[in-house]
Amino acid sequence: DGGITQSPKYLFRKEGQNVTLSCEQNLNHDAMYWYRQDPGQGLRLIYYSQIVNDFQKGDIAEGYSVSREKKESFPLTVTSAQKNPTAFYLCASRTGQGNANQPQHFGDGTRLSIL
Amino acid sequence: EDKVVQSPLSLVVHEGDTVTLNCSYEVTNFRSLLWYKQEKKAPTFLFMLTSSGIEKKSGRLSSILDKKELSSILNITATQTGDSAIYLCAAYNFGNEKLTFGTGTRLTIIP
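Everything numeric in this text was worked out from a predicted model, so none of it was measured. (Residues numbered from 1 in each chain as written. Chains lettered and ligands numbered in written order. Predicted model: local features only at pLDDT ≥ 70, side-chain atom pairs only at ≥ 80, totals over all residues. Heavy atoms only, no water.)

Caption draft 1: Region of interest: the overall build of chain B. Within chain B one finds zero helices and 11 strands. Ordered by position in the sequence, the α and β elements of chain B form the string β-β-β-β-β-β-β-β-β-β-β. Against the 2.2 N^0.38 benchmark of 13 Å for 111 residues, chain B shows a C-alpha radius of gyration of 13 Å, consistent with a compact globule. Put simply, chain B has 111 residues, and 46% of those count as buried. (Helix = DSSP H or I, 4+ residues; strand = E, 2+ residues; numbered from the N terminus. Rg over C-alpha atoms; globule rule 2.2 N^0.38 Å. Buried < 20%, exposed > 50% of the residue type's maximum accessible area, 1.4 Å probe, protein only.)

Now the structure itself:
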């Protein structure tokens, strides 16, 4: 089945530790996105990538890093510089660069907590 | 800065009632408005609206866009407990290809 797979479902981070959240899609989508969702808030964009080997900062990129070495993969690293990482992280993808008539589709998310 | 505002933030109704959720947007290079339903995990796509005044319908759910008023509504008729969820509205900026989300409306249906 085609879809977006995020792993792990739950992740705990210790002080000073970097952690990496995985996002893989087999939909052959060009664009991929990372969002953060906090209780009572909507989704806020962290980073996005329209094509392989290229990505842009979203609205809350500080303390995060990404890579896009393969079309199907867009991992997100939460660095120790991110002082409040506890949140629900959602990965999304969409077909067609510049194609505004296709919606983003989401993975099931990773819930990150601080130990 | 692009902005999307949803109202109400929370709504509790009885099964069988009809509800209307509101979304307003201020987005440069606006192209489309999207509605998603989020239960426990991934938001699932409901509607994408690009043309003003044309209603999109799927079963008991329907939505319409008003480009003059920069707003959209999502209607749910004959609500069921399975409609309980957070409903997210998002507006697409074609210039930077970013989707801006509202804070969502938490809908609770009481049996």
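Caption draft 2: Just the state of the cysteines, in detail. For the structure shown, the criterion picks out two disulfides over all chains. For Cys23 of chain A, the disulfide goes to Cys91 of chain A, at an S-S distance of 1.9 Å. Between Cys23 of chain A and Cys91 of chain A the sulfur-sulfur dihedral comes to about -75°; the bridge is accordingly left-handed. Note that Cys23 of chain A is positioned in strand β3 (residues 19–25) and Cys91 of chain A in strand β9 (residues 87–94), a separation of 68 residues in sequence. On the accessibility criterion, Cys91 of chain A (0% relative accessible area) is buried. A sulfur-sulfur distance of 1.8 Å marks the disulfide that ties Cys23 of chain B to Cys89 of chain B. Torsion about the S-S bond of the Cys23 of chain B and Cys89 of chain B cystine: about -65°, corresponding to left-handed handedness. (Disulfide = S-S within 2.5 Å.)

Caption draft 3: Local environment of the interface of chain B and chain A. With 22 residues of chain B at the contact, the number on the chain A side is 27 residues. Summing both partners gives a buried area of about 1,800 Å² for chain B against chain A, and 58% of it is carried by carbon and sulfur. With its nearest N and O atoms 2.9 Å apart, the salt bridge here joins Asp59 of chain A to Lys98 of chain B. Sorting the residues of the side of chain B that touches chain A by element identifies β4 (30–38), β5 (44–49), β9 (85–93) and β10 (98–101) of chain B as the ones contributing at least two each. Sort the elements by how many residues they give to the side of chain B that touches chain A and β4 of chain B lands first, with five residues. Taken together, the residues of the side of chain B that touches chain A break down into 11 nonpolar, six polar and five charged. (Contact = heavy atoms within 4.5 Å. Buried area = accessible area lost by both parts, 1.4 Å probe. Salt bridge = Lys/Arg side-chain N within 4 Å of Asp/Glu carboxyl O. Nonpolar A, V, L, I, M, F, W, Y, C, P; charged D, E, K, R; others polar.)

Caption draft 4: Structural detail: the sheet that holds β3 of chain A. Residues and elements named next belong to chain A. With respect to topology, four strands assemble into an open sheet ordered β1-β3-β8-β7, the strand pairing being antiparallel. Each of the sheet's edge strands pairs with one partner strand only, and the pair in question is β1 (4–7) and β7 (64–66). Neighbouring strand axes in the sheet, compared pairwise and without regard to direction, differ in orientation by 20° on average. Taken together, the three bridges between β7 and strand β8 (residues 76–78) define a ladder with antiparallel strand orientation. Paired with Val66 across the strands is Leu76, a residue of β8. (Pairing = 2+ DSSP bridges. Axes fitted to C-alpha atoms, helices over the stretch in contact; angles between N-to-C directions.)

Caption draft 5: Geometry of the nonpolar core. Residues and elements named next belong to chain B. Core analysis: the biggest nonpolar cluster contains 22 residues, and Tyr25, Phe30, Leu33, Trp35, Tyr87 and Leu107 have the highest contact counts within it. Every element with two or more residues in this core is listed here: β3 (19–26), β4, β5, β7 (61–66), β8 (71–76), β9 and β11 (105–110). With near-sequence residues (within four places) excluded, Leu107 lies in contact with Leu11, Val13, Val19, Ile76, Asp83, Ser84, Ala85 and Tyr87. (Core = buried A, V, L, I, M, F, W, Y, C linked by side-chain atoms within 4.5 Å.)

Caption draft 6: The arrangement of the side chain of Thr100 of chain B in detail. Residue and element names in this part refer to chain B. Within the secondary structure, Thr100 is located in strand β10. Residue classification places Thr100 among the buried residues on the basis of a relative accessible area of 15%. Here Thr100 is in contact with Asp2, Lys3, Val4, Cys89, Ala90 and Ala91, once residues within four sequence places are set aside.

Caption draft 7: Looking closely at a nonpolar patch on the surface. A surface patch of nonpolar side chains, about 390 Å² in accessible area, is lined by Tyr10, Phe12 and Leu115 of chain A. With respect to the element layout, Phe12 of chain A can be found in strand β2 (residues 10–13). (Patch = residues over 30% accessible without salt bridge, like charges linked within 9 Å, V, L, I, M, F, W, Y side chains within 5 Å. Areas by Shrake-Rupley, 256 points an atom, 1.4 Å probe, with all protein chains shown as cover.)

Caption draft 8: A look at the pattern of salt bridges. Inspection of every chain in the model, using the stated rule, returns seven salt bridges over all chains. Between Asp38 of chain A and Arg36 of chain A there is a salt bridge, and its shortest N-O distance comes to 2.9 Å. The two residues Asp38 of chain A and Arg36 of chain A agree in class, both being buried. The partner of Arg60 of chain B in a salt bridge is Asp83 of chain B, and the shortest N-O contact between them spans 2.8 Å. In this pair, Arg60 of chain B is assigned in the loop between β6 (56–58) and β7 and Asp83 of chain B in the loop between β8 and β9, connecting sequence segments 23 residues apart. A relative accessible area of 4% means that Asp83 of chain B is categorised as buried. Ionic contacts of the salt-bridge type, sharing partners, join the residues Arg36, Asp38 and Arg44 of chain A into one network.

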